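A closer look at the structure
Letter by letter, the chains look like this.
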Amino acid sequence: MHQKRSYGRMLLVSVLVGCLEVALAVVVVLLYVRTQPPPDTPVDHTALVAGLLSFGVIVGVIALLLSLIFVLPAVALADLLGRRIGGREAWWWVPLVVAALVAPPIAAFSAYNRVEARPVLAFWAVATAALSMGGLVARPRHPGLVRQVALWGTAVVAGTGLFGALGLTVGLLPAYEPPAIGPATMAGTWVDHTSGTLVFTSDGRVTASGVGQHRPDDHPSGPSRRCSGAGTWSYEPGRDVWTQEVRIDVPGCSWRAWSVGGTDRKPRIYQHVGHPDSGQLYELRKAADGA
């Protein structure tokens, strides 16, 4: 005879699984971010840590509510249907019941907000998989389940972060690098966020129109001075893609060497606004041909 199921323990395990799933997703997203160009605005790490702590509390509350509303009823219904239809409990009833339980609220929300079918189906599949995982892991009846889930789940999250960091270090994951642009890429029009432009020609000439100027002692939030004129430019490849620079000499305009960022498809040149530690960048992106 089966040991009686402890729904209190099952609730605890389900909440724990939900939190671990979110933690794993955060680790994967952070690793993915390392393969992408840095954001245009600086990251406040103090605020980020505080936000993650607050986010953790919110995740715990949401995981508790979802477990109470979907996971526990799904396991109970799955057990009942398994015994009534197949004569015994079967694990595969859990995802079927979860899918049936989450479908009505998702359908109602998507219909009210007129969301297209494809993202709705994708969200329904992800929600079903995430909630089913909590139910499937929580189904076993042995008393040491909570400790095992906590240990193994933490190991999976930590291992993913460790192997991801190792992959970035040894090159298995493509960590972000700025594109190697070269003189040929520079020829054309480059535009900032206020429609200021630099027009480079292949013979080393450049025309500036309303391009911002920033000094090292400027405050990042202060207004920028604008400069226009005609002059010359040169590209310096540097030791590697991180040290390549573009130098612009326009009479009456004062610019430090421009660094290179963006991607191969969307290259950018930029300067720091104020001190480099501010993280604020002034960027110009290359306009599409004919733009």
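Rules used throughout
Residues numbered from 1 in each chain as written. Predicted model: local features only at pLDDT ≥ 70, side-chain atom pairs only at ≥ 80, totals over all residues. Heavy atoms only, no water. Phe/Tyr/Trp six-rings, centres within 6.5 Å; stacked < 30°, edge-to-face > 60°. Helix = DSSP H or I, 4+ residues; strand = E, 2+ residues; numbered from the N terminus. Buried < 20%, exposed > 50% of the residue type's maximum accessible area, 1.4 Å probe, protein only. Pairing = 2+ DSSP bridges. Axes fitted to C-alpha atoms, helices over the stretch in contact; angles between N-to-C directions. Expected span 1.5 Å × (residues − 1). Contact = heavy atoms within 4.5 Å. Disulfide = S-S within 2.5 Å. Core = buried A, V, L, I, M, F, W, Y, C linked by side-chain atoms within 4.5 Å.

Turning our attention to the packing of aromatic side chains. Applying the stated criterion across every chain, the model contains six aromatic pairs. For the pair W190 and F200, a centre-to-centre distance of 6.4 Å together with 85° between the ring planes defines the contact as edge-to-face. Residue W190 is located in strand β1 (residues 188-191), and its partner F200 is located in strand β2 (residues 197-200); the two are separated by ten residues in the primary sequence. Both residues of the pair, W190 and F200, belong to the buried class.

All right, on to the pairing of strand β3 (residues 205-213) then. Across four bridges, the pairing between β2 and β3 is antiparallel. When the bridges of β3 are listed, T197 appears paired with S209. Between β2 and the antiparallel strand that follows it, β3, lie four residues; G204 among them carries a positive phi value of about 90°. Inspection of the sheet shows β3 paired to strand β4 (residues 225-236) by seven bridges, in the antiparallel sense. Residue pairing for β4: V211 is matched across the bridge by C227.

Take the sheet that holds strand β7 (residues 267-272) next. Pairing between the strands of a sheet is mediated by backbone hydrogen bonds and can be parallel or antiparallel. If you walk around this closed barrel you meet the eight strands as β1-β2-β3-β4-β5-β6-β7-β8, and the pairing is antiparallel. Direction aside, the axes of adjacent strands within the sheet are offset by 35° on average. Two strands pair when backbone bridges link them, and strand β6 (residues 258-262) and β7 are joined in this way by four bridges, in the antiparallel orientation. Each bridged residue has a counterpart across the sheet, and for S259 the counterpart in β7 is Y270.

Compared with an ideal rise of 1.5 Å per residue, which puts 26 residues at 38 Å, helix α5 (residues 145-170) spans 37 Å between its outermost C-alpha atoms and is within 8% of the ideal. Every buried residue of α5 is accounted for by L145, V149, G153, V157, G159, G164, G167 and L168. In the core, the buried residues of α5 are packed alongside α1 (7-33) and α4 (117-138). Just beyond α5, the residue with positive phi is G171, at close to 95°.

Attention now moves to the state of the cysteines. Enumeration according to the criterion identifies one disulfide in this entry. Disulfide pairing places C227 opposite C253 at an S-S distance of 1.8 Å. In this structure, the disulfide formed by C227 and C253 twists by about -85° around the S-S bond and is classed as left-handed. Pair noted here: C227 is in strand β4 and C253 is in the loop between β5 (245-249) and β6, with a separation of 26 residues, a long-range link.

Here we come to the nonpolar core. Most often, soluble globular proteins have nonpolar side chains that are buried together. Of all hydrophobic cores here, the largest spans 30 residues; its most connected members are V13, V98, V102, L131 and V149. Put simply, the parts of the chain that give this core at least two residues each are α1, α2 (45-86), α3 (93-113), α4 and α5. Looking at this core element by element, the count peaks at eight residues for α1. By size, the runner-up hydrophobic cluster in this structure holds 22 residues, among which are I181, V211, I269 and Y282.

Fair warning: the whole summary comes from geometry, so function is off the table for now.
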